[in-house]
Each structure stands twice: as C-alpha cells, then as structure tokens.
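So you can see what is in the structure, the chains are spelled out below.
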Amino acid sequence: MRQFTYVLLLASVCYGSTAWADCRNTQDFGTWLNNFKQEAIGTGLSAEVVNQALDGVTLDQSVIQRDRSQEVFAQTFLEFAGKKVSSYRLSNGQKQMQANAKLFQRIEQEYGVPAPMLTALWALETDLGAVTGDYPTLRSLATLAYDCRRPERFRPELIHALWLVQKGDQTPASMRGAWAGELGQLQFLPSGYNQQGVDFDGDGHRDLIRSKADALASAANLLRHHGWQAGQPWLVEVKVPREMDWSKARLDNRLPLSEWSAMGVTEADGDPLRPNGQAALLLPMGRNGPAFLAFANFDAIRQWNESTVYATTAAYLATRFAGAKPLYAGNAPVQKLSISQVRQLQSQLAARGLPVGKMDGIIGEDTRNAVRQAQQQLGLPADGYPDMVLLNKL
C-alpha cells in the first residue's frame with residue numbers, strides 16, 4: 001500500500017466494513033493533534049520540526065470518506081488485470097525499460113530485481129511516474145491517524161513522515177501524494193520510504209517523488225528486504241486439467257514442478273513443464289479461471305501488496321514485460337459473486353467456525369482458506385474460490 005505497498009495502492013488494506021463505517025471519533029481533532037505532537041517529540045523528533053510541520057493541519061473529511069468506501073479489490077483477477085494490463089502500459093513500459101536500460105542494469109546488479117518487475121510496479125502505481133497524487137501527505141496521515149478506523153496503523157506513518165522532514169529528504173510542502181499518504185513514483189508509505197528508501201542518484205537526498213533513480217532503486221531494495229531472490233522466476237502461466245486434487249492449489253503448498261506435471265499441469269501452450277524448482281499452484285479465480293505457478297519471489301510481491309488480485313496482476317504484468325504472451329482465460333467461464341453475496345458467504349463460513357478475516361465482501365486469503373475447508377466438508381471441488389453452488393449449500 002505502498003509500503004504497504006508500500007507501494008502502493010494501500011487499497012489492499014483499505015477495505016470498508018460495516019463496523020469500521022459505523023465507528024465514531026470521540027475526541028476533538030485539535031486536541032488530538034496537540035497530544036500527538038508531544039508523542040512525536042517523545043520519539044526524538046525536534047519540537048521545531050514537529051510544530052512547523054503540523055501547525056495549521058486540519059482534518060480532511062474526504063480522506064475519511066475514501067478510506068471507508070473502497071471496493072476496488074472486490075474485482076476478480078480478470079476484471080482488475082483487464083483494466084491494468086493495458087496496451088498503453090505495455091507499450092510505455094517497454095519504452096521506459098529501453099530508455100533507462102543502464103539504470104535498470106545498475107539496480108539489478110545492486111539489488112537483484114530485474115527491470116520487468118520494477119516496471120510493472122511503476123506502471124501500476126503511478127503510470128510510470130505520471131500520476132503520483134496531489135493530497136497534502138501530512139494532512140492525509142494526520143486525518144487517518146486521528147480517525148477511529150485504523151489509528152494504530154497511521155500514527156507510526158505520520159511519525160515516519162516527520163522523520164523524512166527532519167532528515168532533509170522532503171519538506172512538508174513537497175510531500176504531496178495519494179489520499180492514504182503514499183508518496184512518489186512507486187507510492188511508498190513514509191515507513192517504507194524512511195526505512196528502505198535509498199539515494200541512488202547520489203545527490204545526498206532520498207527523493208522518491210522527483211528522482212526516478214531513487215524511486216526505482218528503493219522499490220528494488222524493498223523487494224529484496226521482503227526476500228526477493230536474484231535470478232529466480234516469480235510467476236509462470238500454466239494450464240491445469242479439468243480434474244485434479246484442487247485442494248493442493250494454494251499459496252502455502254509449494255511443490256516440485258515434477259509433481260505438478262504428474263498431476264496434469266502443463267506450460268501455457270500445452271508443452272510439458274520444465275521440472276526445475278518448486279512453486280505453488282495459484283488459481284486466482286478457481287479451477288476454471290487462469291492458472292499460474294507462483295515461485296518464492298511471488299511472496300515478496302505479496303508483501304509489497306497483500307491483495308492476491310493486485311500481486312497476481314503485478315507479477316503477470318512483469319511477465320509480459322519479460323516477453324510472455326497474453327494470458328489464457330481458463331477452462332470455463334467463472335461466475336462472480338457480488339460483494340453482498342461474498343459478505344453473506346463470509347458470515348455463513350464464520351458461523352461454521354471457519355475464520356474468514358474481515359467480513360468485507362473481499363475474497364482474501366483468509367476467506368479462500370475458509371472456502372476451501374467448507375468445500376471439502378461439503379464434497380465440492382476444493383479450489384478455494386466461492387460460487388453460488390457453495391453459497392446455496394451453506
């Protein structure tokens with residue numbers, strides 16, 4: 001989200017729910033801000049920096065409204081990827097990789113992350129630096145740190161933003177970005193910026209907003225921090241048979257490719273798998289939709305953004321930049337449940353004692369795991385993706 005994604009969209013962790021939407025702030029914002037200033041100074045920040053940065057900051061009600069209304073990741077993978085992996089991004093991404101070939105080469109030598117992966121994140125986050133946002137970062141973060149929904153998440157982010165000012169990386173005026181506080185061409189939250197940001201252009205400042213070199217190298221540094229392995233794959237599209245043990249298709253079940261091959265999984269063009277390494281079988285829309293082998297590096301992408309839909313889209317876009325063909329839609333049409341139907345499903349799963357995480361209408365990994373268990377209990381194909389058959393049986 002930017003650091004949450006850190007990257008980025010933060011949307012993956014900004015789902016709304018009834019409980020969150022109904023929470024109420026009980027303290028006056030001005031009183032809260034004065035108390036927060038003392039908390040910030042207690043972390044070692046100078047009183048001068050804190051007061052100059054936060055004096056006059058006001059509550060932004062539009063940020064609260066946006067934080068409580070996101071449903072972007074209720075889209076299926078094909079819906080989301082169909083919009084994000086556009087001909088514009090593919091064309092312009094290739095141009096940027098060619099124009100900045102030496103920069104990308106230096107970054108890969110230093111951090112082990114190749115140009116296609118960095119370009120995919122760059123394209124998804126800000127259209128290659130074209131759309132970085134214009135919300136005053138300190139105001140957005142102060143609003144979210146005050147609001148009752150997720151203050152424990154955003155108070156530290158506001159502290160990190162103030163450290164960026166104290167270290168001279170940014171000024172309060174220069175920090176403008178996305179509504180949830182993400183900054184720069186790769187949309188880092190201040191914590192990621194402060195902890196993983198690097199000065200790759202050598203000008204003495206870590207400027208992830210204006211410096212392309214700093215932004216891309218910092219993204220590579222963050223992925224390496226999350227466990228990225230140099231020279232290793234991240235995602236490969238495959239075809240699956242119409243019948244197999246679908247319960248094995250989950251991200252926490254990484255098997256040798258020889259075992260997937262024995263189950264009937266093939267390359268996307270139908271050729272046998274090259275049995276090198278281990279991977280998990282990823283079915284973002286169940287047994288009938290697109291299929292991928294997700295390698296260890298995919299875990300680093302998921303830490304960049306925890307949404308499976310976002311992470312799969314970013315990884316797939318990176319494979320396209322690396323030369324892969326357009327994806328195969330799957331073995332059969334996939335029926336999508338509405339947000340209200342998914343909430344109903346989550347409620348029914350929870351009533352059976354199956355943990356679903358947030359009851360937000362989003363099919364996250366917790367919900368997928370609960371769905372898989374319910375499918376096994378009910379004798380249905382256990383691919384972890386809900387449909388009307390499961391909902392009706394529940």
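Described in the following lines is the structure provided in the data block. (Residues numbered from 1 in each chain as written. Predicted model: local features only at pLDDT ≥ 70, side-chain atom pairs only at ≥ 80, totals over all residues. Heavy atoms only, no water.)

Description of the pairing of strand E7 (residues 291-294)
Stage number 1. Side chains Ala-291 and Leu-293 of E7 all project onto a buried face; the interleaved residues Phe-292 and Ala-294 project onto the opposite face, where all are buried too.
Stage number 2. With 3 bridges joining them, strand E6 (residues 278-282) and E7 adopt antiparallel strand pairing. Bridging from a neighbouring strand, Leu-281 pairs with Leu-293 of E7. (Buried < 20%, exposed > 50% of the residue type's maximum accessible area, 1.4 Å probe, protein only. Helix = DSSP H or I, 4+ residues; strand = E, 2+ residues; numbered from the N terminus. Pairing = 2+ DSSP bridges.)

Focus: the pattern of salt bridges
Stage number 1. For the structure on display, the rule yields 15 salt bridges.
Stage number 2. Among the ionic pairs, Asp-207 bridges to Arg-210, the shortest N-O distance being 2.9 Å.
Stage number 3. Since its relative accessible area comes to 11%, Asp-207 is described here as buried.
Stage number 4. Classification of Arg-210 by relative accessible area gives exposed; the value is 52%. (Salt bridge = Lys/Arg side-chain N within 4 Å of Asp/Glu carboxyl O.)

Observations concerning helix H3 (residues 47-54)
Stage number 1. If you check which residues of H3 are buried, you get Val-49, Val-50, Ala-53 and Leu-54. Taken down its axis, H3 places every buried residue within 100° of arc, on the same side. When the buried face of H3 is taken as reference, the exposed residues oriented beyond 90 degrees from it are Glu-48 and Gln-52.
Stage number 2. Among the structural elements, helix H2 (29-41), helix H9 (137-146) and helix H10 (151-166) are those in contact with the buried residues of H3.
Stage number 3. Remark: Gly-56 follows H3 within two positions and exhibits a positive phi of approximately 85°. (Arc of directions from axis to C-beta. Contact = heavy atoms within 4.5 Å.)

None of this, on its own, says anything about what the molecule does.
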